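Chain and residue survey
Here are the chains, one letter per residue:
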Amino acid sequence: MMKYRILGKTGFKVSEVSLGTWQLGSKWGEAFDEKMAQNTLEAAYEQGVNFFDTADIYQNGMSEKSIGKFLKTRKDKIYVVTKCGRKLNPHVTEGYNEENITRFVFDSIHNMEVESLDLILLHCPPTEVYHNPALFEALDKLKQQGAIKHYGVSVERVDEALAALSYDISAIEIIFNMFRLKPAEELFAKAKEKNTGVIVRVPLASGLLTGKYTENTSFGKDDHRSFNRNGDFFDKGETFSGIDYLTGIKAAQELKASLHVENLSAKALRYILMYPEVSTVIPGASSPKQIIENAEASILPPFSNEEMTIVRDVYDKYIRRQIHNNW
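Residues numbered from 1 in each chain as written. Predicted model: local features only at pLDDT ≥ 70, side-chain atom pairs only at ≥ 80, totals over all residues. Heavy atoms only, no water.

**Let's talk about unusual backbone geometry**
The following threshold applies: Note on conventions: DSSP H or I runs of at least 4 residues are helices, E runs of at least 2 residues are strands, and numbering of each starts at the N terminus.
The omega angle of the peptide bond from Asn89 to Pro90 is 10°, so this bond is cis rather than trans. Positive phi, close to 55°, is recorded for Glu113, a residue that is not glycine. Along the chain, the position of Glu113 falls in the loop between α3 (98-112) and β6 (119-123). Look at Cys124: it is not a glycine, yet its phi comes out positive at around 50°. Examined against the element boundaries, Cys124 turns out to sit in the loop between β6 and α4 (133-145).

In structure tokens form, the structure reads like this:
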């Protein structure tokens, strides 16, 4: 049975394991398939997932539209967080202004055919945006008008999240996993102080933490795991959490051996849920089978102290030097 947690000051009771929809309705580089999208959302719902994470740019708006269509088929409440800002071209600080953000909000309302948005996040904006009070005042205005119920930020770095906590944000979305431990050092405690929900993204380090990949695994040319390993197109930390691929393979294999599991996925998600400050984790999925495997994390037994130490030791051995001070 899925377990649930409160998403900070929103008061939303959300599934511990939810669904990220970056690739809803397709695999990397493939055409969008509406039937696949609906089947994915249904499979997640059947596992007790009541929280979907999307963005206005995912599948050129089709992700939001598919979720909106699915919402109409269910009477019980399903929460949706969407993100905005990455439609800006160029993606620069100046684009994060009241006019653009207001337009993005109403575009998402239109896409999902809802009266207001449960939660909207700024979508990994440039660092300077977190030091622009006027933008957050614009979000406050949209909240007062009823266009959005809550707002927050999706960030690349811990320092950006800490800066955002000076505003009335309801949630922070951040990369945190066995290969990205820094957020647990200071950020989680600060978020708890502010009653700010924590949404964990990239929880499986782009698949490395499934433990299924090898040095011979290949990815399609339109898959970011092929073209963005060095951060050529967007932040390097989005792809394999920023870790060198071969190093990540070695670290994942050691984790599998030391934790005595063949499929590392659910165990890696359960590790994240060991932190009570985490409200929900949002792995993506390309099949119902993956959704079922991910949902199992909610019912796995807690990590022992020995297992927590194993994760820290592997991090210190393989990951810390490459990762820790960069994000």
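Here the narrative resumes, following the displayed structure.
**Quick look at the packing of helix α1 (residues 34-46) against helix α2 (residues 62-71)**
Rule in force here: To define axes, lines are fitted to C-alpha atoms, for helices over the stretch in contact only, and angles between the resulting N-to-C directions are given on a 0 to 180 degree scale. Roughly parallel covers angles under 35 degrees, roughly antiparallel covers those over 145, roughly perpendicular covers 65 to 115, and oblique covers all other angles. Helix crossings get a hand from a simple test, with the near helix turned counterclockwise from the far one by less than a right angle marking a left-handed crossing and a clockwise turn marking a right-handed one. Contacts were defined at the residue level, with two residues in contact if any of their heavy atoms lie within 4.5 Å. Gly is placed with the polar residues, together with every amino acid not listed as nonpolar (Ala, Val, Leu, Ile, Met, Phe, Trp, Tyr, Cys and Pro) or charged (Asp, Glu, Lys and Arg).
Running from N to C, α1 and α2 cross one another at 55°; their axes reach a closest spacing of 10 Å. Here α1 lies oblique to α2, going by the angle between them. In the packing of α1 onto α2, the handedness of the crossing is right-handed. Between α1 and α2, the contacting residues are Glu34, Ala37, Gln38, Leu41, Glu42 and Tyr45 on the first element and Met62, Ser66, Ile67, Lys69 and Phe70 on the second. For the contact of α1 with α2, the per-class residue count stands at 6 nonpolar, 2 polar and 3 charged.

**A look at the packing of aromatic side chains**
Our working rule: Pairing of aromatic rings covers Phe, Tyr and Trp, the last through its six-membered ring, and needs centres within 6.5 Å; plane angles under 30 degrees mean stacked, over 60 mean edge-to-face, and all others mean tilted. For every residue, the accessible area (1.4 Å probe, protein chains only) is compared with the maximum for its type, and the residue is labelled buried under 20%, exposed over 50%, or partly exposed between those bounds. A positively charged side chain is recorded as over a ring if its NZ (Lys) or CZ (Arg) lies within 6 Å of the ring centre. The angle to the ring normal must also be within 35 degrees.
Tallying each qualifying case throughout the model produces 19 aromatic pairs. On the basis of an interplanar angle of 90° and a centroid distance of 6.1 Å, the ring pair of Phe219 and Tyr245 is categorised as edge-to-face. In this pair, Phe219 is assigned in the loop between β9 (197-201) and α7 (224-227) and Tyr245 in helix α8 (residues 245-259), connecting sequence segments 26 residues apart. Judged by relative accessible area, Phe219 falls into the buried class, the value being 15%. We classify Tyr245 as buried; its relative accessible area is 5%. Cluster of aromatic residues (ring-pair linked, three or more members): Trp22, Tyr58, Phe227, Phe233 and Phe234. The cationic tip of Arg74 hangs over the ring face of Tyr45; the distance from NZ or CZ to the ring centre is 4.6 Å. Of note, Arg229 hangs over the ring of Tyr245, and the distance from its end group to the ring centre comes to 4.4 Å.

Everything listed is a geometric property; what it means functionally is a separate question.
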